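Survey of secondary and tertiary structure
Take a look at the letters that make up each chain.
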Amino acid sequence: MTELPDRRLLLVHAHPDDESINNGATMARYAADGAHVTLVTCTLGEEGEVIPDRLAHLAPDREDILGPHRIGELTAAMKELGVTDHRFLGGPGRFRDSGMMGAEQNNRPGAFWSADLDEAAAYLVEVIREVRPQVLVTYDPDGGYGHPDHIKAHRVAMRAADLAAEPAFRRDLGDPHTVAKIYWNRVPRSVAEERFRWLAGALGPTPYAAMASIGDVPGVVDDARVTAEIDGRAFAAAKTAAMAAHATQVEIAPGGEPVFVLSNELAQPVFDVEYYELARGEAATPYETDLFAGVVA
Ligand SMILES: [Zn+2]
């Protein structure tokens, strides 16, 4: 890439669908605003539970072709968000979905969880040195909710940011680059509580019998830890459409309410304002409304 836009945002996620659920509005907003948005997804999400009956045959305990199918879902989601630069870490299928924590898939050869950290990080170093993002978004050290692939994605992202800046590391992967700001996905507890109170009242018109709980939402923390928010309300429809593109994993409530379910069929609110904690770098202001605030191109 020789002509890079001034602002460059890199997001590192574990599975197809995580980007749309966590950052869909942010991605759509920055893409529409002319920033270069790069998504790196670490696995194909081969171990996901399939919601629609008509697609149940894709599942890992049946035909085991969910991974390739989810490449198509992710491609469709990126179209909805207006994001054109999407890659899989090390190429599609290089690392496999590790399943939930404690599953035997965690330690299977090729599983992302059991991959060597520096070997996995080197693939991301190459992307960082090519795209040269000022801002990187990923999960907190717990991966938001303890899924092994999310924890590993966090570790790979943080390690790669270090290695990319290290002049002595693998010059064959490009010239050193320091990412100015690293954010972790967050949801302020008060916002989650407010949205679930709203959801309790809105559940009626939806086909769903029960709600998830705040504990099911990744990255919920005390409000004081949240340092930035991106108002994506103008891109709420794009976010919802991107989530819906992941049809094996996500179902959007019919009728237009911002409500979705995963395979557990517990209703959750769609967040069209997305929240972040600055984990590395300097905040331009105590509470930021632009991830690029204070960043020099
Ligand atoms: Zn995931």
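Above this text sits the structure in question.
Notes on the structure in this doc start here. The model shown is predicted, which means the values in this text are computed figures rather than measured ones.

1. A short note on the nonpolar core
Counting 32 residues, the largest nonpolar core has Leu10, Val12, Leu89, Phe112, Leu124, Ile128 and Leu136 as the members making the most contacts within it. In this structure Ile128 touches Leu10, Pro133, Leu136, Ala160, Ala161, Ala164, His177 and Val179, once residues within four positions along its chain are discounted.

2. Remarks on the coordination of the zinc ion
The expected angle between donors at a tetrahedral four-coordinate metal is 109.5 degrees. At an octahedral six-coordinate metal it is 90 or 180 degrees. Those donors, His15 (ND1), Asp18 (OD), Asp18 (OD) and His150 (NE2), are the protein atoms that reach the zinc ion, and they lie 2.0 to 2.5 Å from it. Around the zinc ion sit four donor atoms; with metal-centred angles ranging over 55 to 143°, the donor geometry is irregular. Spacing between the donor residues of the zinc ion along their common chain follows H-x2-D-x131-H. Of this pair, His15 sits in the loop between β1 (8–13) and α1 (18–32) while His150 sits in helix α4 (residues 148–165); the two residues are 135 residues apart in sequence, bridging distant segments of the chain. The same class applies to His15 as to His150, namely buried.

3. A short note on the packing of aromatic side chains
Within this structure, the stated rule accounts for four aromatic pairs. On the basis of an interplanar angle of 55° and a centroid distance of 5.4 Å, the ring pair of Phe95 and Phe112 is categorised as tilted. Taken together, the residues span a long stretch of sequence, with Phe95 in the loop between β3 (85–88) and α3 (117–131) and Phe112 in the loop between β3 and α3 at a distance of 17 residues. Owing to a relative accessible area of 0%, Phe112 belongs among the buried residues under this scheme. Centroid distance Phe95 to Tyr123: 5.9 Å. Interplanar angle 75°. Geometry classified as edge-to-face. With a gap of 28 residues between them, Phe95 in the loop between β3 and α3 and Tyr123 in helix α3 connect regions that are remote in the sequence. Taking the relative accessible area as the measure of exposure, Tyr123 reaches 28% and is therefore partly exposed. In this structure, Arg29 is placed above the aromatic ring of Tyr30, and the distance from its NZ or CZ to the ring centre is 5.8 Å. A cation sits over an aromatic face here: Arg195 above Trp198, 4.6 Å from the ring centre.

4. Some points on the packing of α3 against α4
Running from N to C, α3 and α4 cross one another at 60°; their axes reach a closest spacing of 8 Å. On the basis of the axis angle, α3 is oblique to α4. Taken as a pair, α3 and α4 cross one another with a handedness that is right-handed. Side by side, α3 and α4 meet where Leu117, Asp118, Ala120, Ala121, Leu124, Val125, Ile128 and Arg129 of the first sit next to Lys152, Arg155, Val156, Ala157, Arg159, Ala160, Ala161, Leu163 and Ala164 of the second. The class makeup of the residues in the contact of α3 with α4 is 12 nonpolar, no polar and five charged.

5. Remarks on helix α2 (residues 66–81)
The terminal C-alpha atoms of α2 lie 22 Å apart, and with 16 residues this matches the ideal 22 Å at 1.5 Å per residue to within 8%. Looking one or two places after α2, you find Gly82, whose phi comes out positive at around 75°.

6. Describing the sheet that holds strand β9 (residues 251–252)
Strand order in the open sheet formed by four strands is β6-β11-β10-β9, and the pairing between neighbours is mixed. The sheet terminates laterally at β6 (210–211) and β9, the two strands that pair on one side only. Pairing analysis gives two bridges linking β6 to strand β11 (residues 266–269), with the strands arranged parallel. Its bridge partner being in β11, Met211 is matched across the sheet by Ala267. Against the sheet, helix α5 (residues 189–202) touches β6, β10 (259–261) and β11, its axis set at about 125° to β11.

Definitions and limits used
The residue count restarts for each chain, going from 1 along the sequence in the order it is written. Only residues with pLDDT of at least 70 are given local features in this predicted model, and only at 80 or more are side-chain atom pairs given and counted; all residues enter the totals for whole chains, interfaces and linings. To get the side-chain values, take all heavy atoms of the structure and skip hydrogens and water. Throughout, nonpolar core names a set of buried Ala, Val, Leu, Ile, Met, Phe, Trp, Tyr and Cys residues whose side chains join them through atoms within 4.5 Å. Using a 1.4 Å probe on the protein chains alone, a residue whose accessible area is under 20% of its type maximum counts as buried, one over 50% counts as exposed, and one in between counts as partly exposed. In this description, contact between two residues means that some pair of their heavy atoms is separated by no more than 4.5 Å. Water is absent from the atoms considered, so a metal site may look incomplete; donors are defined as N, O and S atoms within 2.8 Å of the metal, or 3.2 Å for Na, K and Ca. Each label reflects the angles at the metal, where four donors whose angles all fall between 85 and 135 degrees are tetrahedral, four or six donors whose opposite pairs open beyond 155 degrees and whose other angles stay between 65 and 115 are square planar or octahedral respectively, and the rest are irregular. Starting at the N terminus, helices and strands are each numbered in turn, a helix being any DSSP run of H or I of at least four residues and a strand any DSSP run of E of at least two. Between 30 and 60 degrees the pair is tilted, below 30 it is stacked and above 60 it is edge-to-face, where a pair is any two Phe, Tyr or Trp rings, Trp via its six-membered ring, whose centres lie within 6.5 Å. Note on geometry: a ring has a charge over it if NZ (lysine) or CZ (arginine) is within 6 Å of the ring centre and within 35 degrees of the ring normal. Here an angle of 0 to 180 degrees is reported between the N-to-C directions of two axes, which are lines fitted to C-alpha atoms, with helices fitted over the stretch in contact. Each angle is binned into one of four classes, with values under 35 degrees roughly parallel, values over 145 roughly antiparallel, values of 65 to 115 roughly perpendicular, and all other values oblique. By convention, the crossing between two helices is left-handed when the near helix turns anticlockwise from the far helix through less than a right angle, and right-handed when the turn is clockwise. Residues are grouped as follows: Ala, Val, Leu, Ile, Met, Phe, Trp, Tyr, Cys and Pro are nonpolar; Asp, Glu, Lys and Arg are charged; all remaining types, including Gly, are polar. Take the residue count of a helix, subtract one, and multiply by 1.5 Å to get its expected span. Whether two strands pair depends on DSSP finding at least two bridges between them.

Read these as layout, nothing more, since geometry by itself doesn't imply function.
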